[in-house]
Each structure stands twice: as C-alpha cells, then as structure tokens.
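If you want the building blocks of each chain, they are given just below.
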Amino acid sequence: MGEVRGPGENPSAKKGMEDQGGIPAYRLTGHLDLDQIASVDPRTHRSMKAKGVTGFDCDQWIDAQGRTLRFEQRMQVHGMQGGNKVAFGEFGPVETFDAPSGG
C-alpha cells in the first residue's frame, strides 16, 4: 500500500468513518516498510531490523480536530505475529509554544 498518508492523498488508505467510543473518526490504513521507518526513527529501525521485522501494517483513527483516537500496528517479529494497540482520550486544551531558536 505504500506509506500512510492523510485524507485525500491516497484513495487506498481511506477506509471511511467509524465510531470510536461515541466519537466519529476517520480511519486510515497503510503499510510502512523498514526503509521508510529508518528515515523517520533510526533507533526504532535498528530495533525492528534486529527482530526480523521487515515492515508493519497499521490503522489510525483520527477525529474531526485531527487528533489520533486509536492506533494499531501488526507485524511479524522473529517469525511470529505481533502488534500494538493504543487508544487515546481525555484530551486537554490545545497548547501553544514558540519554535526553538536557530542558535
């Protein structure tokens, strides 16, 4: 499927609206290869590579404010199926902060 993209960027990634604990959420799905992970997080790349992971499938549910409500990933680890499921809730107020200085 290629990389996970935002709504409107890749029709195969869009799975539509689903209810998540009473909150309408937009579901995206995709696959990240090990090389794509390296460009984002080298440490995670090294750890996954050592475990025989070649990539992972994932699903993400995003609410109308752009917040992730749920994230799931599935992968083969040392030849066995594994995965992670994370749910988020009770969001606080939006925080604002200044960008770091260039010096």
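Refer to the structure presented above.
Being a predicted model, the structure only gives us computed values, none of them experimental.

Peer 1: Could you clarify how one ought to interpret unusual backbone geometry in this entry?
Peer 2: As a rule of thumb, non-glycine residues mostly have phi less than zero, and peptide bonds are mostly trans rather than cis. Phi is positive for histidine 78, close to 50 degrees, though the residue is something other than glycine. You can see histidine 78 is positioned in the loop between β4 (68-77) and β5 (80-87). Using a relative accessible area of 56% as the deciding quantity, one classes histidine 78 as exposed. Of note, glutamate 90 is a non-glycine position whose phi angle comes to about 50 degrees, a positive value. Mapped onto the elements of the fold, glutamate 90 is located in the segment after β5.

Peer 1: Is there a simple way to think about the side chain of glutamine 73 in this case?
Peer 2: Residue position: glutamine 73 is located in strand β4. Engagement of the side chain of glutamine 73 in a polar contact is seen with the side chain of asparagine 84, the distance being 2.6 Å. When residues no more than four places from it in sequence are discounted, the contact partners of glutamine 73 are Met48, Phe56, Asp57, Cys58, Gly82, Gly83 and Asn84.

Peer 1: Sorry, what's going on with a nonpolar patch on the surface here?
Peer 2: Residues Val86, Phe88 and Phe91 make up a contiguous nonpolar surface patch of roughly 240 Å² in combined accessible area. Here valine 86 is to be found in strand β5. Residue classification places valine 86 among the partly exposed residues on the basis of a relative accessible area of 34%.

Peer 1: Even after reading the chapter, I still don't get the environment of cysteine 58, so can you show me in this structure?
Peer 2: Mapping cysteine 58 onto the fold places it in strand β3 (residues 55-62). A relative accessible area of 4% places cysteine 58 in the buried class. Measuring from C-alpha to C-alpha, the distance between cysteine 58 and leucine 32 comes to 7.9 Å, with 26 residues separating the pair along the chain.

The rules behind these values
- Residues numbered from 1 in each chain as written.
- Predicted model: local features only at pLDDT ≥ 70, side-chain atom pairs only at ≥ 80, totals over all residues.
- Heavy atoms only, no water.
- Helix = DSSP H or I, 4+ residues; strand = E, 2+ residues; numbered from the N terminus.
- Buried < 20%, exposed > 50% of the residue type's maximum accessible area, 1.4 Å probe, protein only.
- Polar contact = N/O pair within 3.5 Å; in protein donor to acceptor, adjacent residues only side chain to side chain.
- Contact = heavy atoms within 4.5 Å.
- Patch = residues over 30% accessible without salt bridge, like charges linked within 9 Å, V, L, I, M, F, W, Y side chains within 5 Å.
- Areas by Shrake-Rupley, 256 points an atom, 1.4 Å probe, with all protein chains shown as cover.
- Salt bridge = Lys/Arg side-chain N within 4 Å of Asp/Glu carboxyl O.

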